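Reading the structure
Given next are the chains, with one letter for each unit.
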Amino acid sequence: MYSSIKEEAYHCNMQLPKLGLVLFTFGNVSVSDRDKSVFAIKPSGVPYEELSPNDMVIVDFDGRIIEGNLRPSSDTKTHAVLYKHWDGIGGITHTHSTYATAWAQSQRDIPIFGTTHADHLTTDIPCAPPMEDDRIAGNYEYETGIQILDHFKNHNLDYKEVEMMLVGNHAPFAWGKTGLKSVYNSAVSRASGKNGFSHRTD
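Everything quoted here is computed from the prediction, not taken from an experiment.

**Regarding the overall build of the protein**
Scanning the protein from terminus to terminus reveals seven helices and eight strands. The C-alpha atoms of the protein give 16 Å as radius of gyration, which agrees with the globular expectation for 202 residues (17 Å, within 12%). In terms of overall dimensions, the protein has C-alpha extents of about 50 × 35 × 30 Å along its principal axes. Burial status across the protein gives 51% buried among its 202 residues. Sequence separation of at least 24 residues holds for 61% of the intrachain contacts in the protein that already meet a minimum separation of 6. Carbon and sulfur atoms make up 49% of the accessible area of the protein, which amounts to about 9,600 Å² in all. Placing the 18 positive and 25 negative side-chain charges of the protein at their respective mean positions leaves the two points 2 Å apart.

This is the structure:
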């Protein structure tokens, strides 16, 4: 019933180490089936070289496990929040890629310093502020999704036009109409962060 999105999610997750977007198991891709209101996501803590399509966990848009024997990614509730509120996305990628994650610690947007960035966006890559302590102490992964939604709403950003962002003191998230498009956007955000570092003058 879910074999198609499991296969796609597996393929997308396998791109992360190939593209140098992850260290160890610190990253995940999910792929949604809008008709069934579910998504497939990488299981938590499983090395990429040990993954198979059948390992992908099926979760609904409220973060409840529908199918799978493994524990889904710790970021599952963040993915669920975004799918539930942004109906135009079919895939989400979260990594801790070196350059984009370093920028997230600076709590600053990534300005358009490089051509890769300018080819894909007409705005800075946004960086949401660090989460408040009371939200961190609560349901952190769920609150991360709300943090992303709030930042886009408060800054009048369109998720269909800006398909990547940083979460302050955390790391990048990217999304797109498909899982592969979200992986592509994740790689673009990494490259933009690298270009930003090489062009900084302050």
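On we go.
**Thoughts on the sheet that holds strand S4 (residues 65-67)**
In space, the eight strands of this open sheet follow the order S4-S3-S2-S1-S5-S8-S7-S6, with mixed pairing throughout. Lying at the two open borders of the sheet, with one neighbouring strand each, are S4 and strand S6 (127-128). Bridge analysis of strand S7 (residues 164-167) against strand S8 (residues 172-176) gives three bridges, and the strand direction is antiparallel. What sits directly across from Met 164, in S8, is Ala 174. Sheet strands touched by helix H1 (residues 3-18): strand S1 (27-33), strand S2 (38-41), strand S3 (57-60), S4 and strand S5 (91-95). Its angle to S1, the strand with the most contacts, is close to 155°.

**So, the pairing of S8**
In terms of burial, S8 is largely enclosed, as five of its five residues are buried. Examined bridge by bridge, S5 and S8 share four bridges and lie antiparallel to one another. Residue pairing in the sheet places His 94 in a bridge with Phe 173 of S8. Connecting the antiparallel pair S7 and S8 is a turn made up of four residues, with Asn 169 showing a positive phi of about 65°.

Parameters and conventions
- For every chain, the first residue of the written sequence is number 1, and numbering continues from 1 onward in sequence order.
- Under the rules for a predicted model, residues below a pLDDT of 70 receive no local features and side-chain atom pairs below 80 are neither given nor counted, while totals for whole chains, interfaces and linings still include all residues.
- As a rule here, side-chain values cover all heavy atoms of the structure and leave hydrogens and water aside.
- Each helix is a run of DSSP H or I of at least 4 residues and each strand a run of E of at least 2, with the numbering of both proceeding from the N terminus.
- What the globule rule says is 2.2 Å times the number of residues to the power 0.38, and the radius of gyration is computed from C-alpha atoms.
- Burial classes follow relative accessibility: with a 1.4 Å probe on protein chains only, a residue under 20% of its type's maximum area counts as buried, one over 50% as exposed, and anything between as partly exposed.
- It only takes one pair of heavy atoms within 4.5 Å for two residues to be counted as in contact.
- Each accessible area is a Shrake-Rupley result for a 1.4 Å probe, and residues are judged covered by the shown protein chains and nothing else.
- His residues and chain termini do not enter the charge count, which takes Lys and Arg as positive and Asp and Glu as negative.
- Think of each charge as sitting on NZ of Lys, CZ of Arg, CG of Asp or CD of Glu.
- Paired strands, in this sense, are two strands between which DSSP finds at least two bridges.
- Inter-axis angles, ranging from 0 to 180 degrees, are taken between N-to-C directions of lines fitted to C-alpha atoms, where helices are fitted over the stretch in contact.

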